[in-house]
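So you can see what is in the structure, the chains are spelled out below.
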Amino acid sequence: MVRMLSANFSLDEFIFSQTAARSGIDNTPDAATLRNLRHLAEQLEIVRDALGKVPILVSSGYRSPALNRAVKGSKNSAHLSGLAVDFTAPRFGTVLQTAKAVAACPIAYDQVIYEFGRWVHLGVTPPGAVAQREQLSILVAGQYIGGLRNVA
């Protein structure tokens, strides 16, 4: 049975990981993380509407601590708490166009990152928290630059 977090996003989309499947890592969120994932999915619904209701393809959502270590994620990644998602929306436009459209959305986000020219990272704030609305780009691991732009 498919458990929906929102009208268009399922829990499976946010917890599936090829790395976890290959490595036998349990990527099941706890109750607090599940609440965050619902909030994240609700914010992604607003993004989806802003993108003309095109499909959003989630590549990474929640990461358990073991999975985050396996993929060499940041020790304080918002993925760990279910407040971040990496995605593309190919029917909308390029990844950079998508990142810029997401940054213009009226949602409370901490970060929109144009990552490696391949996907958009969206980190949302917990309900009631102050949004940082930081926009970054990265092409080389660990080398973030301000703004959403192609980096060479």
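None of the values given here were measured: they were computed from a predicted structure.

Considering the packing of aromatic side chains
- The full count for this structure, using the stated rule, is two aromatic pairs.
- Consider the rings of Phe116 and Trp119, whose centres lie 5.7 Å apart with planes at 55°: the pair is tilted.
- Under the relative-accessibility criterion, Phe116 is labelled partly exposed at 27%.

Describing the pairing of strand E6 (residues 143–146)
- Taken together, the four bridges between strand E5 (residues 134–140) and E6 define a ladder with antiparallel strand orientation. If you follow Ile138 over to E6, its bridge partner there is Tyr144.
- Counting the residues in the hairpin turn of E5 and E6 gives two residues, including Gly142, whose phi is positive at 85°.

Topic: unusual backbone geometry
- Although it is not a glycine, Lys53 adopts a positive phi angle of roughly 65°.
- Examined against the element boundaries, Lys53 turns out to sit in the loop between helix H3 (31–50) and strand E1 (57–60).

A look at the side chain of Arg63
- Topologically, Arg63 is positioned in the loop between E1 and helix H4 (65–70).
- A polar contact is formed between the side chain of Arg63 and the side chain of Asn68, at a distance of 3.1 Å.
- When neighbours within four sequence positions are excluded, Arg63 is seen to be in contact with Asn27, Asn68, Val71, Gly73, Ser77, His79, Leu80 and Asp86.

Some details on the environment of Arg118
- Structurally, the position occupied by Arg118 is in the loop between strand E3 (109–115) and strand E4 (119–124).
- Along the chain, Arg118 and Thr94 lie 24 residues apart, while their C-alpha atoms are 9.0 Å from each other.
- Residues in contact with Arg118, not counting those within four places in the same chain, are Thr88 and Val95.

A look at the pairing of E4
- The buried count for E4 comes to six of six residues, which makes it a mostly enclosed element.
- Where burial is concerned, the two faces of E4 agree: the one with Trp119, His121 and Gly123 and the one with Val120, Leu122 and Val124 are both buried.
- Note: strand E2 (residues 84–88) against E4, four bridges, orientation antiparallel. Counterpart to Phe87 in the pairing with E4 is Val120.
- Relative to E4, E3 runs antiparallel, the two being bridged by six bridges. Bridging from a neighbouring strand, Glu115 pairs with Trp119 of E4.
- What sits between E3 and E4 in their antiparallel hairpin is a turn of three residues, with Phe116 showing a positive phi close to 55°.

Details of the sheet that holds E1
- The mixed open sheet is built from six strands, whose spatial order is E1-E2-E4-E3-E5-E6. Of all strands in the sheet, those bounded by a partner on one side alone are E1 and E6. Along the sheet, successive strands turn relative to each other by an average axial angle of 30°, direction set aside.
- Strand direction decides the pairing type here: E3 and E5, joined by five bridges, are parallel. Looking at E5, one finds that Glu115 is bridged to Ile138.
- In the packing of helix H5 (residues 95–103) onto the sheet, the strands contacted are E2, E3, E4 and E5, and the crossing angle to E3 comes to about 170°.

Criteria and cut-off values
- Residues numbered from 1 in each chain as written.
- Predicted model: local features only at pLDDT ≥ 70, side-chain atom pairs only at ≥ 80, totals over all residues.
- Heavy atoms only, no water.
- Phe/Tyr/Trp six-rings, centres within 6.5 Å; stacked < 30°, edge-to-face > 60°.
- Buried < 20%, exposed > 50% of the residue type's maximum accessible area, 1.4 Å probe, protein only.
- Pairing = 2+ DSSP bridges.
- Helix = DSSP H or I, 4+ residues; strand = E, 2+ residues; numbered from the N terminus.
- Polar contact = N/O pair within 3.5 Å; in protein donor to acceptor, adjacent residues only side chain to side chain.
- Contact = heavy atoms within 4.5 Å.
- Axes fitted to C-alpha atoms, helices over the stretch in contact; angles between N-to-C directions.

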